[in-house]
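Geometric and topological summary
Okay, here's what each chain looks like letter by letter:
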Amino acid sequence: MTRITVGPFNRVEGDLEVRLDIEQGRVARAEVTAPLYRGFEQILEGRPPLDALVIAPRICGICSVSQSIAAAGALRQAMGVATAPNGVLATNIAHAAENAADHLTHFYIFFMPDFAREAYASQAWHGAAAERFTATKGSAAREALPARARLLEIMGVIAGKWPHSLAFQPGGTTRAIELGERIRLNAIAASFRGFLERVMFADKLENVVALSTPDELDRWRDGRGGDFAHFLAVADALSLADLGKGPGLLMSFGAYHDSDGARFRAGIRASNGEVEALPSDRITEDVSHAWMRETSLDPAESRTVPDADKADAYSWCKAPRLAGQPVEVGALARQAVDGQPLITALLAADGSNVRNRVIARLIETAQLALSIEGWIKALRLNEPFCLNSGDTADGNFVGLVEAARGSLGHWLAVRSGRIERYQIIAPTSWNFSPRDAGGIAGPLEQALVGTEVGAAGARAVGIQHVVRSFDPCMVCTAH
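This section reports on the structure supplied with the text. Keep in mind that this is a model prediction, so the values were computed, not measured.

1. Description of the overall build of the protein chain
Scanning the protein chain from N- to C-terminus turns up 18 helices and 15 strands. Its C-alpha radius of gyration of 22 Å places the protein chain within 12% of the 23 Å reference for a compact globule of 479 residues. Along the first, second and third principal axes, the C-alpha atoms of the protein chain reach 65 × 55 × 40 Å. Residue pairs in contact within the protein chain that sit at least 24 positions apart in sequence constitute 69% of those at least 6 positions apart. In the form shown here, the protein chain has an accessible surface area of approximately 17,400 Å², with 49% of it arising from carbon and sulfur atoms. Averaging the coordinates of the 48 positive side-chain charges in the protein chain and doing the same for the 55 negative ones gives two points 4 Å apart.

2. So, the pairing of strand 3 (residues 26-33)
Direction of pairing for strand 2 (residues 17-23) relative to strand 3: antiparallel, over a ladder of seven bridges. For Val18, the partnering residue across the bridge sits in strand 3 and is Val32. Between the end of strand 2 and the start of strand 3, which pair antiparallel, lie two residues, with Gln24 showing a positive phi angle near 55 degrees.

3. A short note on the side chain of Thr33
Structurally, Thr33 is set in strand 3. Residue classification places Thr33 among the buried positions, given a relative accessible area of 4%. Polar contacts involving the side chain of Thr33 include one to the side chain of Arg19, which spans 3.4 Å. Among the polar contacts listed, one links the side chain of Thr33 to the backbone oxygen of Tyr314, at a separation of 2.7 Å. Sequence-distant contacts of Thr33, that is, excluding residues within four places in its chain, are made with Asp15, Leu16, Glu17, Arg19, Trp291, Tyr314, Ser315 and Met474.

4. Notes on the sheet that holds strand 15 (residues 418-425)
Taking strand neighbours across the sheet as the criterion, the three strands line up as 13-14-15 in an open arrangement whose pairing is antiparallel. Pairing within the sheet leaves two strands with one partner each, and these edge strands are strand 13 (395-403) and strand 15. Going from strand to strand, the sheet's axes swing by 15 degrees on average, the running direction of each strand aside. Two strands pair when backbone bridges link them, and strand 13 and strand 14 (residues 406-415) are joined in this way by nine bridges, in the antiparallel orientation. Counterpart to Ala403 in the pairing with strand 14 is Gly406. Its contacts with the sheet place helix 3 (residues 64-79) against strand 13, strand 14 and strand 15, and it is angled at close to 150 degrees to strand 13.

5. Here we look at the nonpolar core
A general feature of soluble globular proteins is that nonpolar side chains tend to end up buried together. Leu20, Tyr108, Phe201, Phe228, Phe231, Ile359 and Leu448 are the most contacted members of the largest nonpolar core, which totals 134 residues. With residues near it in sequence (within four places) discarded, Leu448 still touches Val18, Leu20, Val27, Ala30, Ile463, Val466 and Val467. Membership of the second largest hydrophobic core comes to 12 residues, among which are Met251, Leu278, Ile283 and Leu322.

6. A look at helix 17 (residues 461-469)
Among the nine residues that make up helix 17, nine are buried, leaving the element largely enclosed by the rest of the structure. When we look at burial in helix 17, the residues that qualify are Val461, Gly462, Ile463, Gln464, His465, Val466, Val467, Arg468 and Ser469. Where helix 17 is buried, its residues meet strand 1 (2-6), strand 2, strand 3, helix 4 (85-111), helix 14 (354-378) and helix 16 (443-448). Residue Asp471 follows helix 17 closely and has a positive phi angle near 55 degrees.

7. Quick notes on the pattern of salt bridges
A full pass over the atoms with the stated rule returns 34 salt bridges. Across the salt bridge formed by Arg224 and Asp203, the nearest N and O atoms sit 3.7 Å from each other. With Arg224 in the loop between helix 10 (214-221) and helix 11 (227-237) and Asp203 in the loop between helix 8 (179-200) and helix 9 (205-209), the pair connects residues that are 21 residues apart, well separated along the chain. By relative accessible area, Asp203 is classed as buried at 16%. The residue Arg361 makes a salt bridge to Asp471 at a minimum N-O spacing of 3.0 Å. Separated by 110 residues along the polypeptide, Arg361 in helix 14 and Asp471 in the loop between helix 17 and helix 18 (474-477) bring together distant segments of the chain. With relative accessibility at 5%, the residue Arg361 sits in the buried group. Residues joined in a network through salt bridges with shared partners are Asp102, Arg361, Arg405 and Asp471.

8. Some words on the environment of Asp260
Along the chain, Asp260 turns up in the loop between strand 7 (255-258) and strand 8 (261-264). Residue Asp260 is classed as exposed on the basis of its relative accessible area of 73%. When the C-alpha positions of Asp260 and Ala336 are compared, they lie 20 Å apart, and in sequence the two are 76 residues distant.

9. Points about the packing of aromatic side chains
Going through the model one piece at a time under the given rule, you end up with 17 aromatic pairs. Aromatic side chains Tyr37 and Trp316 sit 4.9 Å apart centroid to centroid with 35 degrees between the ring planes, which places their arrangement in the tilted category. Of this pair, Tyr37 sits in the loop between strand 3 and helix 1 (40-44) while Trp316 sits in the loop between strand 11 (283-286) and strand 12 (319-322), and the two are 279 residues apart along the sequence. Here Tyr37 falls in the partly exposed class, since its relative accessible area comes to 24%.

10. Section: the environment of Val449
Secondary-structure assignment places Val449 in the loop between helix 16 and helix 17. Among the residues examined, Val449 registers a relative accessible area of 42% and is labelled partly exposed. With 13 residues separating them along the chain, Val449 and Asp436 place their C-alpha atoms 17 Å apart. Once residues lying within four places of it in the same chain are set aside, the contact partners of Val449 are Val27, Ala28 and Arg29.

Calculation rules
- Residues numbered from 1 in each chain as written.
- Predicted model: local features only at pLDDT ≥ 70, side-chain atom pairs only at ≥ 80, totals over all residues.
- Heavy atoms only, no water.
- Helix = DSSP H or I, 4+ residues; strand = E, 2+ residues; numbered from the N terminus.
- Rg over C-alpha atoms; globule rule 2.2 N^0.38 Å.
- Contact = heavy atoms within 4.5 Å.
- Areas by Shrake-Rupley, 256 points an atom, 1.4 Å probe, with all protein chains shown as cover.
- Lys, Arg positive; Asp, Glu negative; His and termini not counted.
- Charge placed at Lys NZ, Arg CZ, Asp CG, Glu CD.
- Pairing = 2+ DSSP bridges.
- Buried < 20%, exposed > 50% of the residue type's maximum accessible area, 1.4 Å probe, protein only.
- Polar contact = N/O pair within 3.5 Å; in protein donor to acceptor, adjacent residues only side chain to side chain.
- Axes fitted to C-alpha atoms, helices over the stretch in contact; angles between N-to-C directions.
- Core = buried A, V, L, I, M, F, W, Y, C linked by side-chain atoms within 4.5 Å.
- Salt bridge = Lys/Arg side-chain N within 4 Å of Asp/Glu carboxyl O.
- Phe/Tyr/Trp six-rings, centres within 6.5 Å; stacked < 30°, edge-to-face > 60°.

Structural measurements only, silent on function.
Following this line, the structure appears as structure tokens:
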């Protein structure tokens, strides 16, 4: 058996290392390391609770709206206030725009360029993939990046700036939308739909979200242009459905709430396909292999106390568990828990894997584009966008949201008008967690086992595909 270290990874937000034990050309054991510590939770301790709205979004420049909404959700509980219906809709529009932009970034900038590598030069499809997806040179980025920039203009209208806006408050959003701005939002949404229907899917969004079985997907893509069909062809040529199998459990906190409930419902999906209510009170954080001291397993009671010399530790990431089990989070989990027919059928056929994670993100992108159109239409411009907030009560509070990469939670403890404790569990904390006290590996650590590396060793592209299918954000993980 030999050991190799892969890292640092390019095209990843933050620092990541993966240590792999190789036996007979395949990964026999993996350890995932977050080598960066930042200390945001300690920075928040002792401050006025509303400071969380200023500091927490600065954890990440990619999912800052998600961080804002999670902080606002915890503060909303602490203040006992409601949210203005328009504020809910405006938040949904901005949150969906950020998450859809993240999906585009992942597909075009982070994930697809690996298929343009020289390792695939002998494949019949390589020339087309290289022309389309080579990093910084491919034709796809020249179309996708302007579409992403146009989509993020939504943030300017609703939140004034992006990232790190202060517009998202416990009572709603601070900026009322006027008629001319709603027209502008509609124009941006139409432009995003146009990009998706022309470049990504080569079809109407309504036809894409209506796909419900693997056979329908195969017939739909046959002879079709567009980058989604391009990915499906490459994925099947490389058998990506057999690569990067997840741990089986899939979790979602639920996302985009309005008067009709959640656009994507919360829950936990077992490997047998059964979906149950989310037992959020059974979330724990294990630090047995993290450079952290033991405080409490309960994120509502625990603190972040670094211990850089801790024996047997290999990551600054804690190990979140749900009822003692590692769970996978992200678009695949969201769509599975919500019962999306195509994703449900794909999971029943071959489980969680590299191919299905990417399909779920693109199907969700089409869904979000349609939802944004509906939420803009539902705005009532003569009604408030934000209700007054009150004083924060003492106690423990929690804000749970879905970032593009998966489930994000903020646990807030307030005493005498100050933040006593603040704990954050980010999506990559779930997916890239180290082992727990029972020696159970995290989702990525499990997904890497069995991956073929051959003579390529640390340069094996299969490792890149598995890691990038989870879309790591290490700066959120080590917050």
